[in-house]
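Summary of structural features
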Amino acid sequence: MTEERIFNFNAGPAALPLPVLQEIQASFLNFKGSGMSITEVSHRSPWFDDVINDAVDRTKRLLGLDERYHVLFLQGGASLQFAMIPMNFLGEGKSADYVNTGTWSTKAIKEAAILNKAHNVVASSEDKNFSYIPNDISFNADAAYVHITSNNTIKGTQWESFPDTNGVPIVADMSSDILSRPLPMDKFGMIYAGAQKNMGPSGTCMVIVRDDLLATAEKDLPSMLKYDTFVSKNSMYNTPPCFGVYTIQLVLKWLEQEMGGLEKMQAHNEKKGAMLYEFMDGSDFYRATAEKGSRSLMNVTFRLPTEDLEKEFIAAATQKGLGGLKGHRSVGGCRASIYNATTMAAVEALIDFMTAFKKKQ
Ligand SMILES: Cc1ncc(COP(=O)(O)O)c(C=O)c1O
């Protein structure tokens, strides 16, 4: 139990910017003079129209999206996208390329297989426990899309730059690094991201999809599983995840107005990541698990000399108000998730704690 807010290193749901939480708190009982909270106003009201339209506009501005891109807010998390993508874009005679860089890519591939859709795993880093991002991949020129996971939340790796796919649109799961840096949008036919790491509460998935890919989509699918349904209704075919969209809107406003856009956000993230990795590289006690050149600036995965020490480290950190440092249950070890909202002060506090913990051994 604590009365104070902790330094939150959770992988997701994860830390959100404090000014955003404060704004939600301040406007919660009476949203914009409606006399209702945002969780009570109709999604068909002008209040919510303003929220969703502003969220779309800000996303377009931040990422520099032209009129070919549609920004959607869907439900079902990022995991539903693993199935919706092959359902929509792998009709008869079509095939997709997948790059397997860890747990989430594996899940995306599994859904294509369950649906019996033709797909090729053109590269994988499984040979080294997914500790790196493959390069020099040879893609199929006739693929409908190339699927990648831009940041691997569990294994702690991230694509530093994006591959040349000979014009085949990349479809990227950016759940754990969306809006952490500018993107070469021309390469992407679609981006999707569960909100619960860099944008807002869980359950809402942002989808950005480009016209040319959309035009290839299957038509005879259930309405709720078709991108067209949501494109034509501004994400409001059914009741959208209103609170999620509202939180995302505030995070986007924070990104634009307080952080100064994605280039500045990237510089900030690079500084935080460099501090933590340099500290570990100079230590014979902490060992970063991802290979240099593939290291994630969002999820820093690391090991201590023994599992017992890791347990002790996580417990002692929690005591000191540094939460969420346990690695994913499937891989063990430790993980510090340092998304956009993680402050430099949080990273400094972590390094101070790590220094003191090591000294005590
Ligand atoms: C990269 C990545 N993709 C997909 C998911 C699954 O997201 P959701 O729980 O929203 O379905 C996660 C984790 O939450 C993730 O880290």
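Model, not experiment: these values are computed from the prediction.

1. Here's the deal with the nonpolar core
Burial of nonpolar side chains together is a common tendency in soluble globular proteins. Counting 54 residues, the largest nonpolar core has Phe73, Phe188 and Ile208 as its most contacted members. A per-element tally of this core places helix α7 (residues 242-257) first, with nine residues. Beyond its immediate sequence surroundings of up to four residues, Phe73 is in contact with Ile52, Ala55, Val56, Thr204, Cys205, Met206, Ser235, Pro241, Val245 and Ile248. Counting residues in hydrophobic clusters, the runner-up holds 29 residues, among them Leu74, Met190, Val209 and Ala217.

2. Here's the deal with the UniProt feature "binding site: L-glutamate" (unreviewed entry) in the protein chain
Mapped onto this numbering, the UniProt entry annotates "binding site: L-glutamate" (unreviewed entry) at Arg44. Its place among the elements puts Arg44 in the loop between α1 (18-27) and α2 (46-63). Assessed through its relative accessible area of 52%, Arg44 is described here as exposed. Not counting residues up to four positions away in its chain, the partners in contact with Arg44 are Met236 and Tyr237. Among the polar contacts made by the side chain of Arg44, one reaches the side chain of His43 at a distance of 3.3 Å.

3. Some words on the sheet that holds strand β8 (residues 170-173)
Strands sit in the order β2-β10-β9-β8-β5-β3-β4 across an open sheet of seven strands; the sheet is mixed. Because the sheet does not close on itself, it has two edges, and the strands there are β2 (69-75) and β4 (118-124). Between one strand and the next, the sheet's axes are offset by a mean angle of 20°, whatever the strand orientation. Judged from the two bridges that link them, strand β3 (residues 95-100) and strand β5 (residues 146-149) form a sheet pairing that is parallel. Across the sheet, residue Tyr98 finds its bridge partner in β5, namely His147. Strands in contact with α2 are β2 and β10 (204-210); relative to β2, the strand with the most contacts, it is inclined by about 130°.

Rules and cut-offs
Residues numbered from 1 in each chain as written. Predicted model: local features only at pLDDT ≥ 70, side-chain atom pairs only at ≥ 80, totals over all residues. Heavy atoms only, no water. Core = buried A, V, L, I, M, F, W, Y, C linked by side-chain atoms within 4.5 Å. Buried < 20%, exposed > 50% of the residue type's maximum accessible area, 1.4 Å probe, protein only. Helix = DSSP H or I, 4+ residues; strand = E, 2+ residues; numbered from the N terminus. Contact = heavy atoms within 4.5 Å. UniProt positions renumbered as here; feature names shortened; annotations may be inferred. Polar contact = N/O pair within 3.5 Å; in protein donor to acceptor, adjacent residues only side chain to side chain. Pairing = 2+ DSSP bridges. Axes fitted to C-alpha atoms, helices over the stretch in contact; angles between N-to-C directions.

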